[in-house]
Amino acid sequence: MSLFTVPIAATPPAHPGGAIVCTQPAPAVYLLTFTSPADNRLTTSFCKALLAALDVLEFGPYKPGVVVTTSGIPKFYSNGLDLEHAIATEGYWALMYSVWKRLLTYPMPTLALLNGHAFAGGLMLAMAHDYRLAPSPKGFLCVNELLFGAPLKPPMAAIFRHKLPPSTFRTLVLEAHRYDAQQALDAGIVDGIASSLGDALAFIASRQLTDKPKSGIYPVLKAEMHHQLIAFLDQPGLDADEARFQDTQKREHERKEFGKVWYEQWQKDTKAKL
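Since we're looking at a predicted model, the values are computed, not measured.

Peer 1: Explain the pattern of salt bridges to me, please; I cannot follow it from the model alone.
Peer 2: Pairing between side chains of opposite charge can happen when the charged atoms of each approach one another. The full count for this structure, using the stated rule, is 9 salt bridges. Between Arg251 and Asp247 there is a salt bridge; the shortest N-O distance is 2.8 Å. You can see Arg251 and its partner Asp247 sitting in helix α12 (residues 237-273), 4 residues apart, about one turn around the helix. One connected set of salt bridges, linked through shared partners, spans Asp55, Glu58 and Arg102.

Below, the structure written as structure tokens:
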């Protein structure tokens, strides 16, 4: 039986919309299942729906507990953002980062139950949770921007840098490695492996997570733990670093253009000496 449903509005032409359904599979455990075909892209509508669902659980008539997110689409937890939509939509990046910040400071433990692939922005969303369980037997975790020639914006790199060991960060980003469940656990990306909701409930029980928010200090502790990343996601720091990032890209373009001119001259000089 569902506690409530938050609709995900359609984002034409590629995304027909869907819904986030909240159920309670165990006392003080709230399961948010998002279903937005074909692969739970992080559209503006998706992000707003997730924020609304988190607000309902915090401010509605529900006692503190644990929030679990998962997907109603068996193959994908989330295939990340729609880059064309993100670039064309004013305010998109700030909205997506606000979802991360909400999870990083949420007053209850949060657990990403990865039931399928979590690629790029989908894995970033999972990283904003307190805990992650990798999918078994199928499903990969990957940051594949390298493969299609997209940069990691500063906050995207920051959330991985903040949460992961340096060697894992390097392999994840510079090799676009696809981690299976055991590899993700060994690399410190996830906290366990799950093939069912029952595994997630067992993980919650083993750590007594439903008891953690009862004192009311949980969000304060989380905010202090993540204060550097949270400060980075806030304005104006984010604007300043975005400007740095854009300036770096401009300088790199200029360096390449100069390099082409230098190489042409080098060829001429070399031929002249022969």
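Peer 1: I keep staring at the environment of Ile217 and nothing clicks. Help me out?
Peer 2: Take Ile217: it is sitting in the loop between α9 (197-206) and α10 (218-225). Note: C-alpha distance between Ile217 and Met108 (109 residues apart in sequence) is 9.9 Å.

Peer 1: What exactly am I supposed to notice about the sheet that holds strand β5 (residues 76-78) here?
Peer 2: Hydrogen bonding along the main chain pairs the strands of a sheet, whether they run parallel or antiparallel. Taken in spatial order, the 3 strands of this open sheet run β5-β7-β9, and their pairing is parallel. The two strands at the open ends of the sheet, each matched to only one other strand, are β5 and β9 (141-142). Of the strand pairs in this sheet, β5 and strand β7 (residues 117-119) are connected by 2 bridges, and their pairing is parallel. In the sheet register, Phe76 faces β7, and the bridge partner there is His117.

Peer 1: Hey, could you run me through the nonpolar core in this one?
Peer 2: A general tendency of soluble globular proteins is for nonpolar side chains to be buried together. Core analysis: the biggest nonpolar cluster contains 63 residues, and Leu32, Trp100, Leu123, Leu141, Phe160 and Ile189 have the highest contact counts within it. Setting aside residues up to four positions removed in sequence, Leu123 forms contacts with Ala118, Leu141, Cys142, Val143, Phe160, Leu172 and Ile189. Among the nonpolar cores identified, the runner-up in size contains 15 residues, and Val29, Val66, Leu133 and Tyr218 belong to it.

Cut-off values and rules
- Residues numbered from 1 in each chain as written.
- Predicted model: local features only at pLDDT ≥ 70, side-chain atom pairs only at ≥ 80, totals over all residues.
- Heavy atoms only, no water.
- Salt bridge = Lys/Arg side-chain N within 4 Å of Asp/Glu carboxyl O.
- Helix = DSSP H or I, 4+ residues; strand = E, 2+ residues; numbered from the N terminus.
- Pairing = 2+ DSSP bridges.
- Core = buried A, V, L, I, M, F, W, Y, C linked by side-chain atoms within 4.5 Å.
- Buried < 20%, exposed > 50% of the residue type's maximum accessible area, 1.4 Å probe, protein only.
- Contact = heavy atoms within 4.5 Å.

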